[in-house]
Every structure is written in structure tokens, then in C-alpha cells.
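Working through the structure, step by step
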Amino acid sequence: MSASEPVVSLREVTKTFQAGDLTALQSIDLDVRPGELVSLIGPSGCGKSTLLRVIGDLVEPSSGEVVVNGKRARQARQDGDYGIVFQDPVLYDWRTVAKNISLPLELLGWSKARRTERVDELLALVELQGFGGHHPWQLSGGMQQRVSIARALSFSPALLLMDEPFGALDEMTRERLNAELLRIWEASGSTIVFVTHSIAEAVFLSSRVVVMSRRPGRIAAIVEIDLPQPRNADTREEPHFFELVTAVRDRLREGGLDEDRTAPDEGELLVGEGTP
Amino acid sequence: MAYAASAPARSSLRSSERTRRAALDLGLFLAVLAVLWAAWEAFKAIGEATGLRVGQFEVNDRTLPHLHDVVGILFEPSRRNGPLLIGVLWDAALFTAKEAAVGFVLGALFGFALGAVLAHSGLLQRGFLPYIVASQTIPILAVAPMVVVWVNPRLPEGLKDWGAVSVIAAYLTFFPVTINTLRGLTSVDPRALELMRSYAAGSWRVLWKLRVPAALPFIFAALKIAAPASVVGAIIGELPASIQSGLGGAILNFNQYYISAPTRLWATNLIAALLGISFFLVVLLAERLVVRRAPEHVA
Amino acid sequence: MRRARRLALEWLPAAAVFVGGIVFWEAIVRGFAIDDFLLPAPSDIAETLRNDWSELWSAAFFTFREALAGFVIGCAAGFVAAAAIARYTLLRTAVMPYAIAAGAVPIIAFAPITNNWFGVTGMSSKIAIAAILCFFPMLVNTMKGLTSVPASSIELMHSYAASELTVFRRVRLPSSLPYVFTGLKVGTVLAMIGAIVGDYFGGAPGALGVEIRRWVGIFAFDQAWAGIVLASALGIVFYGSVALIERLAMGWHPSIRGAGAE
């Protein structure tokens, strides 16, 4: 796969639930270039989490084409081409931090020596050296998410999918982890698709912000973020940052900010239909 | 869908969808019943044909009667010129139900009170909880004769015969209620407690307006266990008390005549099973009515 | 050292209640001159235990072996059945109401039938009843445990393209442990009850339930009460062993490490 081919390519992707009654995604066309950090932002129920799962072959689209890493999404999943991070760190209490991180490596059949080496690398990457022997409950929420990110990167996937990973954390931890994520992104060279509710976070992190409309979810706009890298806390105070935030907010308003309160919650739909 | 999580919340489905699912559930229930019956008859047929033996056990009409025979015997007299078996067992079941119901109420009230008292003090919990748990290891049947001798003379005339049985039923009932009342009352969100305190609500008010509604799902879970347990307690309690009029007595009676009429004992078991299930269903129904009124979301 | 001290402090109130309870019991019985039949004094029971130990112990142990065998068979069967059924949602929703209903049935009433199946004096009939009693709670609890895994965890496993078996081994099984142990603890109590009550419908001459009945019949109340105390003690040890294993196996679980306790 050449460097210019997109890591993720979506063509006319549509997803309906409840036998066609509910359209979560409508004709989504999107390319994600290698090394990009793309955010998906939109009002609740706009389908952004569903879209992320379509990319990861955790939800099958009703129609359309999904190509990940040059393959069909299912093949990409089976080949371990992406790592995923959820809002809930999903760490297993009965495993230490180190063993949590090495779980995908165990499943891939790596040798113990190789796993240990890689886990040490990753702990250094997410700045949790020395915590390998701890258990998840001994860590703060922010630290747990860092473990979750380390795990997602353990097998060096080309793509990282993140579903509001910092949504459950407080503002300050969030901003700190945003900076961490940028550092990790640079160090690992992965491509990231990042779902978020927070406009500031989207603008701070991304190369491009994909703004989605309310249900049925369409791409309302794509805002190019031309802030220079590397970005840091100062970036958040630059005038251009605020301009971009305003631009994204305006696009969101155009796409319809209001939540559709009478319809089932996106999460409920995903659980009810069952994952493949 | 393997292991799929539970279906979407009922409230979000249309009512036609709801009736469709209810019909499917009922169909499934009946289908399993039919499968179980077929499996029984199949096992019986195969066992008799192959002469299957496990130790002393062999398959024949005495050890594994036909299910339709078990149901059929209910509609025959239990002795020459006597009433139908189902009439006899119905009376026995009512008698046992009476003992069980009284025992259930006693046990539940006691369990609730005990749980409420313990909920107020961690010290009391650490001191007494091990013994409350240990109380269930005392073989109640062995202690039953003593209970009968001690309780019955102290009861008013009408209760003299069976009062002790209710005590035994209460013994099997109070434990799950105590444990779950305790868990429920102490499961309150600390922030809700703080809110109550900001209203300067006294601890009595807090108990009734906050802790008890929060504990209701737990308490009902316990009552669903305790109700059938009270039936078990009543049946067991009748045995040493030599009570003839209840299901325990019927079991002993038909056990004696098992060789000649095995289906009668099976039928008695069937009625006892139905009694236990009906107690369970009563609590289930009560839960549906009560907990829906409570503002808490059932965990 | 600190942990040992904390453990001691935690058990201090219970120990105090135990000592206080024994003293209170002795005082009440002596003070009110309570009939031997109803409730002997702890000191009398202790003396009987010492004098007739071998007879009491062999009866208690006989019944315990019945309970243990039934417990192992019933819990193992319940676990395996749950593991097989939980995989298929349809099967699970079909079976659940029946499993719950079976828990409401007075299974002990079935004891006379198992006596007729396996003979009154053998161990098998009591083992059968104990096994049936343990089976259903184990089935229900294990099924709940195996399906209690949050959806995000399953999605994570799917992102690794992990097979059903892998998900079962690495995620469902460990997260079902708390439920499995609940089922096991309930089983210990039920198995003992089953074995002893089963004796009432007829049992081996050396079994505890039978012996207690016999002692009551010949007014040997000291032995009867000593037997009851011994049965209770065995039940407590049985339950406690399982609780101990739970502590060791599940040190990671919130309920064991005391997080959010009380």
C-alpha cells in the first residue's frame, strides 16, 4: 500500500436500524489519509460512534463500501489492522496493568520475551513506567485510559479508532491527555479516527474535523485545521484556534445541533441489534 | 446472535412489538415444556428397552412413571370410595399454604427489622452477621421437635396444631430477607444522602423516604427466594410435628404406599411444586405492582 | 503486620459476640433451669462432645460426605450446563424461567422418591437430593455471570477477531467468578440441608439425621444437641472453606478487596 492511498475509505456508507425505520448513517463518503488525525464530531445520535464501529467492522453497514488499509473491513479486523479505545477503558481487574496491555499480544501468539519487551516500550510511551505490576483499580481514570491506549497500540496497528476516550474525565486531565495523545501520535506514526463531543478537543487534536449532522447522520462539513504542529497549551489561546472553534460550531449549528429526543439512544441500538 | 445482551428496553418498543415478543415468549415456554415431556418419555422408553441400571436404580413404571399417569392419578380416588386425589391434595396444599404464608410474613417482617437495625451500625454488622449466616447451617429439621414442644403450648387454641410449623417456615424465610435488606439499605448513593441531610431530614425520614425505596429491588429479590423457602419450611416442619393435614403428611403417607401406588407420591410432588411456584409468582406480581410505583430504576 | 491488625479488628466484634453469646446462653439455661430437652447449656454440650466424640463424629462425617459428593456433582453439572446454554441466546431465554421455577419447587419433597430409586440406606439417594438442590442455583448464577460481560468488552474482543472460545476463556469465565462463588456458597448450605433432611425420610443407620432422630426418640437429648451443634459446625466450615477459596481466587474483585464496602 503506497503512502498516498487512504487508510480508511468509505463510499456511500448507509446504516439503518429496526428494519429500516431508523437511519443512523446516510451515504457517508470519507477518506482518511495516512498519518492524519481526523475527528468526528456531531450532536448526540448523529451516528458518529456507529460510523467508527462500521470502520472497525463491529457493525455491518446496510449498504456502501468500507475499505481499511486496502482491504475489506472484515479482513482488516481479522488481520488486526486497527486498535480501538472506548470511553470506558475496559480493563480487566483480574489482570495487572502489564497483562492488560499484553492481552492482544497473547492472542496473537507472541512469545513471553517479546511481549515483555513491547509492554515496557509501551509503558514508557504512555509514561506509566513502574505501574506494570499494578491493578487497574489502583489507577486513576486518566491513567486507566493511558493503559487502554497502550493496549490499542501494542501490536503497532496502522489505524487507531477512538470513541470519546476522554469523555469521562475532568477538563484538566482531558487537556493533559490531549497533549499526550498528540505526542504518542507523533511517536507512533499511526492514523487516528477520533470521535468526540468537544469542539475544543476536536480542533486541538485534528488535521481535519468532520462535522456530522443530526440523525440521519450525514457529513455536514469538513473543516481543515491548519494550526501548526507541534501543538501545546499555548495553541489553545491563539486567535486562530478560536476562529476554528467558531467555524466548527457554526457548521454544527447548520447541521442541526438539537438532539432527537424521542428516538432510541445510539448506544441502545448498537446493543439491541447485537454486534456481529 | 451468540450471548447477545438483553433486548432493547421494553419501553422503547411499540406496543405491537411488545405483544409479538410476549407471544414468542409464551410459545417458547410451551415449546420447552413439550421438549421436556418428550425427553422424559424418550428416556423412559430407551431406559426400559435397554435395561439401564445405575446401582439400584432401574427404569420402569415404578421409578419413572409416565407423566400422563402422574397427572391422571389426580383424578382418581385416593382410596376406595374416597374423594379424588386432587381434592385431597388441594386441601393439604391449602393447609400447608396457610402455615407457609404465616411463616413467610413473620420471617419477612423479622428479617426486614433485623436488616434495618444492622444497616445502622457497621459494628453491629461485623459482630452479628457471621452468626446470622451460621444460623442457616443449623439443621432445622433436627431442632424442629424442640420447637414444636416449646411453641405449640404457648399458642392460642386455633393455632396450637400448626403454629410451630410457621415458626420453622419463618426460620427459613428471614435469612435472605435480612441479608438483602441490609444490602439494599446500605446501597444508597452517598450524594442522595447528602441531599437529605441538606434538608435537615432526620434519620427516620431518611430511612423511609430514601433508603427503603432504594432497598425495594433488593428486598423483592429476597422475597422471591424467601416465599418458596417458606413452603419448604412448612413441609419440612410438618414432619416432626406429625401433622397429617398438610403436604408433608401427604408425602409421608404416600411414601409408605409407594410400591403399590408410586404415581400418588409423584402427584403429591407435582402439587407441592405448583404450590412453591405459585408463592413465587405472587411475590413476582407484587414486585411488578409495587416497584413500578417506586421512583427508583430497578438495577 | 498492619494487615493482620486490620483483620483482627474486623473480626473482634464477632469474636466478642461469640464469647458473650456463650456466656449469655449458659447463664440463661442455668438461671431459668431450662429443660434439658429444649436447650442444654453449652458446658453440657461440650462435655457430651468430648465423651461421645467418635460416635458423633462418624455420624456427622458420614452425612458430610453425602453432602460433599452431592455438592460436587450438582455444582459441576450446573456449571457445565450453564456454560453450554449461555452461548445460545434462544436456549438461554427458553431455559431461564424453568431454572428459576425449579428453584421455587420444594425439591426436598423429592427425597422419598430418590430413596425408592437408590435404596433407603445407601448414600446415593441423599447424594442425589443434594446434587439436585445444588444444580439449579448454580445453573442460574453461572448463566448470569457468563452473560454479565459489558458490551464494550465484547466489542474489544471482536476488534481482536478473537474466537468465541477465546472470549469465553479469557473474559467470560473470569468475570463470572463472583457469580459462580455465590452459587457455590449457596450450594454448601443446601447440600447439608439436603443430606440431613433427606435422612428424615429414611437413611443409613450411621447418618446424622437418622441418629439425631433416634436420640430424640430415646430421650438422649444431650447427644441430639451435640449432633446438631456438630452438624452446624461442619456446615460453617464447609461454607467458610468456599468463602476462603473465593477470597484467594478473587483478590481482584471489589467485594473482596473492600472497595465501596458498607
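Here is what the cut-offs are and how they apply
- Residues numbered from 1 in each chain as written.
- Chains lettered and ligands numbered in written order.
- Predicted model: local features only at pLDDT ≥ 70, side-chain atom pairs only at ≥ 80, totals over all residues.
- Core = buried A, V, L, I, M, F, W, Y, C linked by C-beta atoms within 7 Å.
- Buried ≥ 20, exposed ≤ 12 C-beta atoms within 10 Å, placed from the backbone.
- Contact = placed C-beta atoms within 7 Å.
- Helix = DSSP H or I, 4+ residues; strand = E, 2+ residues; numbered from the N terminus.
- Nonpolar A, V, L, I, M, F, W, Y, C, P; charged D, E, K, R; others polar.
- Pairing = 2+ DSSP bridges.
- pLDDT = per-residue confidence, 0-100.
- Domains from an automatic or database assignment.
- Axes fitted to C-alpha atoms, helices over the stretch in contact; angles between N-to-C directions.
- Expected span 1.5 Å × (residues − 1).

For the rest of this paragraph, the subject is the nonpolar core. Membership of the largest hydrophobic core comes to 144 residues, with the highest contact counts inside it found for Ile168(B), Ala130(C) and Cys134(C). Excluding its chain neighbours within four sequence positions, the residues that come into contact with Ile168(B) are Gly103(B), Ile140(B), Ala144(B), Val147(B), Gly233(B), Ile236(B) and Gly237(B). Among the nonpolar cores identified, the runner-up in size contains 79 residues, and Val7(A), Cys46(A), Val97(A) and Trp185(A) belong to it.

A few words now on the interface of chain C and chain B. Each side of the interface is counted separately: chain C has 50 residues, and chain B has 48 residues. Of all elements in the fold, only helix 1 (2–31), helix 4 (89–104), helix 5 (111–118), helix 8 (164–200), helix 9 (208–217) and helix 10 (221–249) of chain C reach the threshold of two or more residues within the side of chain C that touches chain B. Residue contributions to the side of chain C that touches chain B peak at nine residues, all from helix 4 of chain C. Broken down by class, the residue content of the side of chain C that touches chain B amounts to 36 nonpolar, ten polar and four charged.

This part is about the sheet that holds strand 5 (residues 71–72) of chain A. An order of 2-1-4-5 (chain A) is seen for the four strands of this open sheet, with the pairing classed as antiparallel. Of all strands in the sheet, those with a lone pairing partner are strand 2 (22–32) and strand 5 of chain A, marking the two edges.

The next thing to look at is the confidence of the model for chain B. Residues and elements named next belong to chain B. Overall, the prediction assigns chain B a mean pLDDT of 84, with 93% of residues at 70 or greater. A low-confidence stretch, residues 294–299 (pLDDT under 50), is modelled with ten contacts involving residues beyond four sequence positions or located in other chains. Quick note on the complex model: pTM equals 0.84, ipTM equals 0.83.

Residues and elements named next belong to chain A. Here chain A is partitioned into domain 1 (1–81 + 162–276) and domain 2 (89–156). On a C-alpha basis, the centres of domain 1 and domain 2 stand 25 Å from each other. Taken together, the contact pairs ten residues of domain 1 with nine residues of domain 2. Classifying every residue of the side of domain 1 that touches domain 2 by side-chain character gives seven nonpolar, three polar and no charged.

Now for the sheet that holds strand 8 (residues 191–196) of chain A. Residues and elements named next belong to chain A. Read across the sheet, six strands follow the order 6-7-8-3-9-10 without closing on themselves; strand pairing throughout is mixed. In the strand order of this sheet, the two ends are held by strand 6 (82–85) and strand 10 (219–224), each with one partner. Strand after strand, the sheet turns through a mean of 15° between neighbouring axes, direction not considered. Looking at chain direction, strand 7 (residues 159–163) and strand 8 are connected through five bridges and run parallel. Among the inter-strand pairings, Leu-160 is bridged to a residue of strand 8, identified as Ile-192. This element, helix 5 (residues 141–153), spans strand 6 and strand 7 of the sheet and lies at about 165° to strand 6.

Further remarks concern the domain arrangement of chain B. Under the domain assignment used here, chain B contains domain 1 (15–58) and domain 2 (85–293). Put simply, the middle of domain 1 of chain B and the middle of domain 2 of chain B, counted by C-alpha atoms, are 31 Å apart.

Time to look at helix 1 (residues 15–50) of chain B. With 36 residues, helix 1 of chain B extends 52 Å from end C-alpha to end C-alpha; this agrees with the ideal 52 Å at 1.5 Å per step. In terms of burial, helix 1 of chain B is largely open, as just zero of its 36 residues are buried.

Another aspect to go through is the pairing of strand 9 (residues 208–212) of chain A. All names here are of chain A. Strand 9 sits mainly inside the fold: four of its five residues count as buried. With five bridges joining them, strand 9 and strand 10 adopt antiparallel strand pairing. For Val-209, the partnering residue across the bridge sits in strand 10 and is Val-223. A loop of six residues connects strand 9 with strand 10, the two strands running antiparallel in sequence.

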